[in-house]
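# Survey of secondary and tertiary structure
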Amino acid sequence: MKTVGLARGAHKWLGLWSGVPALLGVVLAWDASGLDLALARWMAQGHAFAWRDDWVGAVLLHGGMRQVAFAVAAWLVVGVWFPTGVLRRVSRAGRLQWLASILLSVTLVNLLKHSSLTSCPWDLAEFGGTANYLTHWAWGRGDGGPGHCFPAGHASAGFSFLGGYFAFKPVASRAAWACLATALVAGFALGVSQQLRGAHFMSHTLWTAWLCWTSAWLADVAMQVGWTGQEGVGASRAA
């Protein structure tokens, strides 16, 4: 019945919603700590980022992992209609939900980057650039650098796949947790590698993680709304 579906859906949304403010609290706590610049100085060893042009960070992790992310996204696009492997365990609606969460998170991150006046650590004067350090909370104020560095776009190549957790959760719990762990490890690995190169502050990576998780949750809410008129939400989405 519709009432039953609404009650079940609301209970699930409230439970999964807890991750949104919890992660936001972590991000805001980091921002309040003021440790962005201190960590960047430690990674730069006081004057320049030695890993900026390192092959592992600049080629393997930056360019290579982006291609891996594109390949996985292409597999998911094809898998919406012709699923292979673990995608067969999720309904087409679930696969579309996962794909929608990826597109939403990447779009949000890129829109923010395009409008941001915050420059990257390697653009700061103390690291050989021309910009003065300003927190990303200084909205509308330029720092003298090129800007367009907040939040961390490259980390989204990992975090954007967090939506797989929500897609698999109703039908394959182990796959859901595996997807969650993989997306988190990949996102933070890519974020830290960029920080070692001077391409981002830690807060940039944390905000990207929050945006991607919230996008995944919103996509799940939107999908659940479509099923609240059916009794047995989880069963109706099973492959």
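Our subject in this report is the structure included herewith. Within any chain, residue numbers begin from 1 and follow the written order of that chain's sequence. For a predicted model such as this one, the threshold for reporting local features is a pLDDT of at least 70, and the threshold for listing and counting side-chain atom pairs is 80 or more; totals across whole chains, interfaces and linings nevertheless cover every residue. Calculation of side-chain values draws on the structure's entire complement of heavy atoms; hydrogens and water are dropped beforehand.

### Points about the overall build of the protein chain
Think of it this way: any DSSP run of H or I at least four residues long counts as a helix, any run of E at least two long counts as a strand, and we number them from the N terminus. Within the protein chain one finds 10 helices and zero strands. In sequence order, the secondary structure elements of the protein chain are arranged as α-α-α-α-α-α-α-α-α-α. Out of the 239 residues belonging to the protein chain, those deemed buried represent 46%. Partitioning the contacts of the protein chain with sequence separation of at least 6, the portion at a separation of at least 24 is 76%. Accessible surface area values rest on a Shrake-Rupley calculation with a 1.4 Å probe, where residue burial reflects the displayed protein chains alone. Counting only carbon and sulfur atoms, one obtains 69% of the accessible surface of the protein chain, whose full area is about 11500 Å². Exposed residues in this analysis have more than 50% of their type's maximum accessible area, buried residues have under 20%, and partly exposed residues fall in between, with area computed by a 1.4 Å probe over protein chains only. A contact between two residues is defined here by any heavy atoms of the two lying within 4.5 Å.

### A few points about the packing of aromatic side chains
To describe a pair of aromatic rings, one takes the distance between the centres and the angle between the planes. Geometry of aromatic contacts follows a simple scheme: Phe, Tyr and Trp rings, the Trp one being its six-membered ring, pair when their centres are within 6.5 Å, and the pair is stacked under 30 degrees between planes, edge-to-face over 60, tilted otherwise. In this structure the tally under the stated criterion is 11 aromatic pairs. Considering the side-chain rings of F159 and F188, the 5.0 Å spacing of their centres and the 80° angle between planes classify their relative orientation as edge-to-face. Of this pair, F159 sits in helix α6 (residues 156-159) while F188 sits in helix α8 (residues 173-197), and the two are 29 residues apart along the sequence. For F159, a relative accessible area of 0% gives the class buried.

### Some words on the state of the cysteines
By convention in this document, the label disulfide applies to cysteine sulfur atom pairs within 2.5 Å. Under the definition given, this model contains one disulfide. Disulfide pairing places C120 opposite C149 at an S-S distance of 2.1 Å. Residues C120 and C149 are joined by a disulfide whose S-S torsion is about 110°; by sign, that bridge is right-handed. Taken together, the residues span a long stretch of sequence, with C120 in the loop between α5 (92-115) and α6 and C149 in the loop between α5 and α6 at a distance of 29 residues.

### Overview of the side chain of D143
Relative to the assigned elements, D143 resides in the loop between α5 and α6. For D143, which is buried and forms no salt bridge, the nearest opposite charge comes from R141, at a distance of 9.8 Å. A polar atom in the side chain of D143 sits 2.9 Å from the backbone nitrogen of G145. Beyond its immediate stretch of four places on either side in the chain, D143 contacts L117, T118, S119, A131, N132 and L134. Only four residue types enter the tally: Lys and Arg on the positive side, Asp and Glu on the negative side, with His and both chain ends excluded. The working definition used for a salt bridge is a side-chain nitrogen of Lys or Arg within 4 Å of a carboxyl oxygen of Asp or Glu. Polar contact is defined as a pair of N or O atoms within 3.5 Å, subject to the rule that within protein one atom must be able to donate a hydrogen and the other to accept it, and that residues adjacent in sequence are counted only when both atoms are side-chain atoms.

### So, α8
Working rule for helices: expected span equals 1.5 Å times residues minus one. Compared with an ideal rise of 1.5 Å per residue, which puts 25 residues at 36 Å, α8 spans 36 Å between its outermost C-alpha atoms and is within 8% of the ideal. Among the residues of α8, those classed as buried are A175, A176, C179, L180, A183, G187, L190, G191, S193, Q194, Q195 and R197. Immediately beyond the C-terminal end of α8, within one or two residues, lies G198, with a positive phi of roughly 90°.

### Quick notes on the packing of α8 against helix α9 (residues 202-225)
Angles here are taken between N-to-C directions and fall from 0 to 180 degrees, while the axes themselves are lines fitted to C-alpha atoms, restricted in helices to the stretch in contact. Between α8 and α9, whose axes approach to 9 Å, the crossing angle comes to 155°. Taken together, the axis directions place α8 and α9 in an arrangement best described as roughly antiparallel. Pair α8 / α9 crosses with right-handed handedness. Across the interface between the two elements, L180, G187, F188, G191 and Q195 from α8 touch M202, T205, L206 and W213 from α9. Its residues assigned to classes, the contact of α8 with α9 shows five nonpolar, four polar and no charged. Reported orientations rely on four angle classes, namely roughly parallel under 35 degrees, roughly antiparallel over 145, roughly perpendicular from 65 to 115, and oblique for the rest. Here is the rule for handedness: rotate from the far helix to the near one, and if that takes an anticlockwise turn smaller than a right angle the crossing is left-handed, while a clockwise turn gives right-handed. When residue character is reported, Ala, Val, Leu, Ile, Met, Phe, Trp, Tyr, Cys and Pro are called nonpolar, Asp, Glu, Lys and Arg charged, and the others, Gly included, polar.

### Observations concerning α5
Its 24 residues give α5 an end-to-end C-alpha distance of 35 Å, which sits within 8% of 34 Å, the value for a rise of 1.5 Å per residue. Taken residue by residue, α5 has A93, G94, R95, Q97, W98, L99, S101, I102, S105, V109 and K113 as its buried positions.

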